[in-house]
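# Results of the structural survey
Each chain, letter by letter, is given below.
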Amino acid sequence: MASPIKSLQMKDFLSLLPNRQKQFAAAPEASLPVEDSARALAKALHPKRQYLTVAAVTERAPDCKSFTLVPDPDRGTQALAYFAAGKYLTVYETIAGMPATRAYSISSAPKAALEGRYELTIKRVDGGLMSNYILQNWAVGTPVEVSAPAGNFEYQPLRDAPTVIGLAGGSGITPFVALANAIADGDEDCDLVLLYGSRDANSILFREELDAVQQRTDRVKVVHVLSDPGKKKLPAGMEKGFLTAELIRKYAPEDALYSIFICGPQQMYAFLEKELESLGFARKYIRRETFGEVHDPASLPDYPADVPETVQITVTVQDTTATFTASTADSVMQALEKNGIAVPARCRSGECGFCHSHLLSGEVFVPKSLEFRRMADFKYGCIHPCCSFPLTDLVLSVPAAD
Ligand SMILES: Cc1cc2nc3c(=O)[nH]c(=O)nc-3n(C[C@H](O)[C@H](O)[C@H](O)COP(=O)(O)OP(=O)(O)OC[C@H]3O[C@@H](n4cnc5c(N)ncnc54)[C@H](O)[C@@H]3O)c2cc1C
Ligand code: FES
């Protein structure tokens, strides 16, 4: 018998979901599944969108602010989705007429979500679209739209060791602040040794909060590591230099298993990769937060030669088809957004699969650090537009924004 997948035409395949939706819409109400408690819980934990309002703004550093977000019942959000420390929210904005999304780790404790509060902490990135927009525009009362909590950077007792060595750099401290507070609240059962790299004492984010959490529990220890501390004497309990294997050995528990969790800028991941090799322990004990978007693919060593500066992209979203010229320096997702086409997105790093699309013709470049496709994706021509860069003219079919 012919494989049903092989014999299925792409046109028929793409119409499966809209056809099913039409059948559901046409079905008499009595025949639809009855709402049960498992379904209600799933909806509460995984809402498609959460409609929030900025309730407070805290200045953390000259270019970094925390925003307290609360539900906006008038726009349909009664309560916040609960989450495990380490999750992020995807923020949806329309900036200069273009749809834009970015992931931000939740810096507040899970317990605060039950009390109706999330906190996001945004650091300005030079020339960055979303970070500059948020820091300039979000104020008390601003309506905000975010996804359900997402990501895989949480502590899992069956997988991870009883002690976590957290390696944080810059704004990569945010998920660890949530984890440290979750431990102090009794919501996570692990010990945390946090090695937090900052340029100097003035650039440390959450310094008072991290001091306070260490007062609440002896299961959290924070060591500040300053790369450029200046001429002043280093305060007690701080280290000078970078996050290295030597420093990890110094603070890791002796004769006890530990996991390493890493969150920080992309350069830090590359540096730590080499350092961690020298520790020589199983990869399953090393966990890294999602890498983030690549912005200059041509700088990568395996980027092909002779790529044109621009290409034509033809895209179909449901029943609408558009063709436009795109720069090969932009990911397919950035190119679509610049042309006003919103794509379902969470991580923008190839990991979550939300933007999963069909490439019908043409070639793309995917940076190695963002290549999470499976064999079936290669076989059936699937790409993640968030981390695929056009090399030739493309024809693709993209799901409508969720
Ligand atoms: C899981 C996750 C959690 C995160 N949590 C946080 C958090 O808690 N706090 C936080 O502040 N950030 C966090 N980030 C980072 C955040 O998602 C954004 O990436 C960050 O705010 C920058 O976005 P932007 O729109 O301001 O910059 P972008 O517009 O995306 O630009 C980023 C940089 O790339 C440069 N650039 C843009 N386009 C090009 C180009 N074509 N060629 C060369 N360079 C280019 C820009 O000049 C800028 O320097 C997280 C990221 C991930 C993946
Ligand atoms: S947005 Fe997550 S894989 Fe593309």
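Criteria and thresholds
- Residues numbered from 1 in each chain as written.
- Chains lettered and ligands numbered in written order.
- Predicted model: local features only at pLDDT ≥ 70, side-chain atom pairs only at ≥ 80, totals over all residues.
- Heavy atoms only, no water.
- Phe/Tyr/Trp six-rings, centres within 6.5 Å; stacked < 30°, edge-to-face > 60°.
- Helix = DSSP H or I, 4+ residues; strand = E, 2+ residues; numbered from the N terminus.
- Buried < 20%, exposed > 50% of the residue type's maximum accessible area, 1.4 Å probe, protein only.
- Lys NZ or Arg CZ within 6 Å of the ring centre and 35° of its normal.
- Domains from an automatic or database assignment.
- Buried area = accessible area lost by both parts, 1.4 Å probe.
- Salt bridge = Lys/Arg side-chain N within 4 Å of Asp/Glu carboxyl O.
- Polar contact = N/O pair within 3.5 Å; in protein donor to acceptor, adjacent residues only side chain to side chain.
- Nonpolar A, V, L, I, M, F, W, Y, C, P; charged D, E, K, R; others polar.
- Near = heavy atom within 4 Å.
- Areas by Shrake-Rupley, 256 points an atom, 1.4 Å probe, with all protein chains shown as cover.
- Pairing = 2+ DSSP bridges.
- Axes fitted to C-alpha atoms, helices over the stretch in contact; angles between N-to-C directions.
- Contact = heavy atoms within 4.5 Å.

## Topic: the packing of aromatic side chains
Throughout the structure, instances matching the rule amount to eight aromatic pairs. Their ring planes at 50° and their centres at 5.4 Å tell us that Phe153 and Phe261 sit as a pair that is tilted. Linking Phe153 in the loop between β6 (143–146) and β7 (163–169) with Phe261 in strand β11 (residues 258–263), this pair joins segments that are 108 residues apart in sequence. Look at Phe153 and you get buried, because its relative accessible area is 3%. Taking 6.2 Å as the distance between ring centres and 55° as the angle between the ring planes, the aromatic pair formed by Phe242 and Phe271 counts as tilted. Of the two residues, Phe242 sits in the loop between β10 (238–240) and α8 (245–251) while Phe271 sits in helix α9 (residues 266–277), which places them 29 residues apart along the sequence. With relative accessibility at 57%, the residue Phe242 sits in the exposed group. Pairwise contacts between aromatic rings join Tyr82, Phe83 and Tyr118 into one cluster. Taking NZ or CZ as reference, Arg49 lies 3.5 Å from the ring centre of Tyr92, over its face.

## Overview of the domain arrangement of the chain
Domain parsing of the chain yields domain 1 (47–146), domain 2 (163–288) and domain 3 (297–398). Interface area, domain 1 with domain 2, both sides summed: about 1,200 Å², of which 66% is carbon and sulfur. The largest contributions to the domain 1 side of the interface with domain 2 come from Arg60, Ala85 and Ser107, which together make up 36% of the buried area. Viewed at the interface, domain 2 and domain 1 are joined by one salt bridge. Among the ionic pairs, Arg60 bridges to Glu209, the shortest N-O distance being 2.8 Å. Summed over the shared surface of domain 1 and domain 2, the number is one residue pair in polar contact (both at pLDDT 80 or more). For the side of domain 1 that touches domain 2, the elements supplying multiple residues, two or more each, are β1 (50–61), β2 (64–71), α4 (110–114) and β5 (118–123). With three residues, β5 is the largest single contributor of residues to the side of domain 1 that touches domain 2. Taken together, the residues that form the side of domain 1 that touches domain 2 break down as eight nonpolar, six polar and four charged.

## Quick look at the site of ligand 1
The immediate surroundings of ligand 1 are formed by 21 residues, with Arg102, Ala103, Tyr104, Met130 and Ser131 found nearest. Leu129 is positioned such that a nitrogen or oxygen atom in its backbone is 2.9 Å from an oxygen atom of ligand 1. When ligand 1 is considered free in solution it has 980 Å² of accessible area, and contact with the protein chains removes 74% of it. If you tally residues by element for the shell around ligand 1, the top one is strand β4 (residues 98–105), at four residues. Residues belonging to the shell around ligand 1 are distributed by class as follows: seven nonpolar, ten polar and four charged.

## Here's the deal with the sheet that holds strand β8 (residues 191–198)
Judged by pairing direction, the sheet is parallel, and its six strands sit side by side in the order β10-β9-β8-β7-β11-β12 without closing on themselves. Of all strands in the sheet, those bounded by a partner on one side alone are β10 and β12 (286–288). For this sheet the average axis-to-axis angle between neighbouring strands, irrespective of direction, equals 20°. As paired elements, strand β9 (residues 220–226) and β10 share three bridges and run parallel to each other. Residue pairing in the sheet places Leu226 in a bridge with Lys240 of β10. Helix-sheet contacts for helix α6 (residues 174–184) involve β7, β8, β9 and β11, and the interaxial angle to β8 is about 150°. Strand contacts of helix α7 (residues 207–216): β8, β9 and β10, with the helix running at about 150° to β9, the strand carrying the most contacts.

## Side note on the pattern of salt bridges
Summed over the entire model, instances satisfying the criterion amount to 22 salt bridges. A salt bridge links Arg75 to Asp72, with the shortest nitrogen-to-oxygen separation between them at 2.9 Å. Judged by relative accessible area, which is 13%, Asp72 ranks as buried. When the shortest N-O distance is used, the salt bridge between Arg219 and Asp191 registers 2.7 Å. You can see Arg219 sitting in the loop between α7 and β9 and its partner Asp191 sitting in strand β8, a full 28 residues away along the chain. For Arg219, a relative accessible area of 28% corresponds to the partly exposed category. For Asp191, a relative accessible area of 28% translates into the label partly exposed. Each member of the salt-bridge network shares a partner with another, and the members are Arg102, Glu293, Glu337 and Arg348.

## With respect to the side chain of Arg373
By the element assignment, Arg373 lies in the loop between β16 (364–365) and α11 (375–379). Classification of Arg373 as buried rests on a relative accessible area of 18%. At 2.8 Å, the side chain of Arg373 and the side chain of Glu371 are in polar contact. At 3.1 Å, the side chain of Arg373 and the backbone oxygen of Cys382 are in polar contact.

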